[in-house]
Amino acid sequence: MAMTDRQFKGFVSFVVDALRDVQSEKEPIKQQEKLERIINNLRKTIKD
């Protein structure tokens with residue numbers, strides 16, 4: 001099933017927001033944990 005332009009923009013917006021959250025994190029360990037979570041979520045999305 002293909003995404004509409006609106007759905008794709010929403011998805012990209014979600015990823016950008018998550019990455020900004022990582023960027024604002026001051027503690028390197030928490031920053032790494034957040035990046036791993038994003039990576040895992042993106043991998044799950046690709047598998048679906």
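Residues numbered from 1 in each chain as written. Predicted model: local features only at pLDDT ≥ 70, side-chain atom pairs only at ≥ 80, totals over all residues. Heavy atoms only, no water.

Turning next to the pattern of salt bridges. For the structure shown, the criterion picks out 3 salt bridges. For the salt bridge of K34 with D21, the shortest nitrogen-to-oxygen distance reads 3.2 Å. In this pair, K34 sits in helix α2 (residues 28-47) while D21 sits in helix α1 (residues 5-24), placing the two residues 13 residues apart along the sequence. Between K34 and E25 there is a salt bridge; the shortest N-O distance is 3.1 Å. The same class applies to K34 and to E25, which are both buried. Each of D21, E25 and K34 takes part in one network of salt bridges that share partners. (Salt bridge = Lys/Arg side-chain N within 4 Å of Asp/Glu carboxyl O. Helix = DSSP H or I, 4+ residues; strand = E, 2+ residues; numbered from the N terminus. Buried < 20%, exposed > 50% of the residue type's maximum accessible area, 1.4 Å probe, protein only.)

This part takes up the packing of α1 against α2. It is at 8 Å that the axes of α1 and α2 come closest, and there the two elements cross at 160 degrees. Here α1 is positioned roughly antiparallel relative to α2, judged by the angle of their axes. For the pair α1 and α2, the sense of crossing is left-handed. For the pair formed by α1 and α2, the contact residues are F11, V15, A18, L19, D21, V22 and Q23 on the first element and Q31, K34, L35, I38, L42 and T45 on the second. Taken together, the residues that form the contact of α1 with α2 break down as 8 nonpolar, 3 polar and 2 charged. (Axes fitted to C-alpha atoms, helices over the stretch in contact; angles between N-to-C directions. Parallel < 35°, antiparallel > 145°, perpendicular 65-115°, else oblique. Left-handed = near helix turned anticlockwise from the far one by under 90°. Contact = heavy atoms within 4.5 Å. Nonpolar A, V, L, I, M, F, W, Y, C, P; charged D, E, K, R; others polar.)

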